Amino acid sequence: MLRHLGPALPPTSGRTIHGLASRLRRLPPSCGPVRLIAVDGHAGSGKSTFAGELARSLGGAPVLHLDDLACHDELFGWTDRLIAQVIEPLARGRTAHYAPYDWRARRFGAPVALPPEPVVVVEGVGAGRRALRPYLARLLWMELPAEESWARGRARDGQEQREFWDGWVAAERAHFAADPSRPFADLLVRQGDLGEMCESGVPGKKGYEVTPGPAVTP
């Protein structure tokens, strides 16, 4: 049975995200008392920015960045940490504590608290992986092609991260080949220029369009 998601939301940044937030709040809990919302997509596709805007529209919902659970030696091998440190406590209605990774110092830091709020956003490459999907209320996919996403990411991080990006691209390709997320996405998020003054009063701000994803498309 297809999950009813309503019509596509028009590409006007504030209205789109507020409308989406309203939908998400009405979902039944998926991980104990929590509605766990995943934002997945290729590196450089705009996940962090979108997740931050969505969290603000959700009244300051916590955001878990999967970069905090990954590390140099395990770019995608963080499933056990996520389940043990985050999913299991939230599923019991308890505050989770996870140790964020410091990418410069190359070590995990002091634990950070993640309370079981009504909605928690998880963003990062692989947020929609097979092991996490049973706990998700919705899976959102940033709809930007891999090569374009990676080009944006490389431009953002500069030459000093060139070697890291070379290794990352190979690892991401391997991950999505073995454990794809997009086919299971409930919603696709597309980003584009609004060409108008948005609610923030900033001209030319990027806007979003949210449409049903492959998981709910007949």
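Please read these numbers as outputs of a predicted model, since none were measured by experiment.

Student: Quick one: what's the story with the overall build of the protein, residue by residue and with numbers?
Tutor: Within the protein one finds five helices and 10 strands. Here the protein holds 218 residues, and the buried ones make up 48% of them. Put simply, of all contacts in the protein between residues at least 6 apart along the chain, 71% involve residues at least 24 apart. Approximately 10600 Å² of the protein is accessible, and the part contributed by carbon and sulfur atoms is 53%.

Student: Account for the packing of aromatic side chains, with residues named and values stated.
Tutor: As enumerated under the stated definition, the model contains seven aromatic pairs in all. Ring plane angle 65° and centroid distance 4.9 Å describe the contact between Phe-50 and Tyr-208, whose orientation is recorded as edge-to-face. Highlighted residues: Phe-50 in helix 2 (residues 47-57) and Tyr-208 in strand 10 (residues 206-212), separated in sequence by 158 residues. Taking relative accessible area as the criterion, Phe-50 reaches 0% and is therefore assigned buried. An angle of 90° between the planes, with centres 5.0 Å apart, marks the rings of Tyr-101 and Trp-103 as edge-to-face. A connected cluster of aromatic rings, assembled from ring pairs, spans Phe-76, Tyr-101, Trp-103, Phe-108, Phe-164 and Trp-168. Over the aromatic face of Trp-78 sits the side chain of Arg-129, whose NZ or CZ is 3.7 Å from the ring centroid. Over the ring of Phe-184 we find Arg-133, and its NZ or CZ is 3.7 Å from the ring centre.

Student: Describe the side chain of Ser-181, with residues and values.
Tutor: For Ser-181, the location among the structural elements is in the loop between helix 5 (162-178) and strand 9 (187-193). Not counting residues up to four positions away in its chain, the partners in contact with Ser-181 are Asp-40, Gly-128, Arg-129, Leu-139, Trp-141 and Phe-176.

Student: If you had to explain the nonpolar core to someone new, which residues and values would you point to?
Tutor: Formed by 36 residues in total, the largest nonpolar core has its most connected members in Leu-36, Leu-64, Leu-66, Leu-82 and Leu-114. Secondary-structure elements contributing two or more residues to this core are strand 1 (35-40), helix 3 (79-91), strand 3 (96-98), strand 7 (119-123), strand 8 (138-142), helix 4 (146-157) and helix 5. Broken down by element, this core gets its largest block of residues, five residues, from helix 3. Ignoring sequence-local partners within four residues, the contact set of Leu-82 consists of Leu-64, Leu-66, Leu-69, Ile-87 and Leu-132.

Thresholds applied
- Residues take numbers from 1 onward in each chain, read along the sequence in its written order.
- With pLDDT at 70 or above as the cut-off, local features in this predicted model cover only qualifying residues; side-chain atom pairs require 80 or more to be listed or tallied, and sums for whole chains, interfaces and linings still use all residues.
- The basis for every side-chain value is the complete set of non-hydrogen atoms in the structure, without hydrogens or water.
- By the criteria applied, helices consist of DSSP H or I runs no shorter than four residues and strands consist of E runs no shorter than two, each listed in order from the N terminus.
- Buried, partly exposed and exposed residues are distinguished by accessible area as a fraction of the type maximum, computed with a 1.4 Å probe on protein chains only: under 20%, between the cut-offs, and over 50%, respectively.
- Contacts: residue pairs with any heavy atoms within 4.5 Å of one another.
- Accessibility throughout is a Shrake-Rupley quantity obtained with a 1.4 Å probe, and a residue counts as covered only by protein chains that appear here.
- Whether two aromatic rings pair depends on their centres lying within 6.5 Å, for rings of Phe, Tyr and Trp, where Trp uses its six-membered ring; planes under 30 degrees apart make the pair stacked, over 60 edge-to-face, and the rest tilted.
- Geometrically, a lysine NZ or arginine CZ counts as sitting over a ring once it is within 6 Å of the ring centre and also within 35 degrees of the ring normal.
- Only buried Ala, Val, Leu, Ile, Met, Phe, Trp, Tyr and Cys residues count toward a nonpolar core, and they belong to the same one when joined by side-chain atoms within 4.5 Å.

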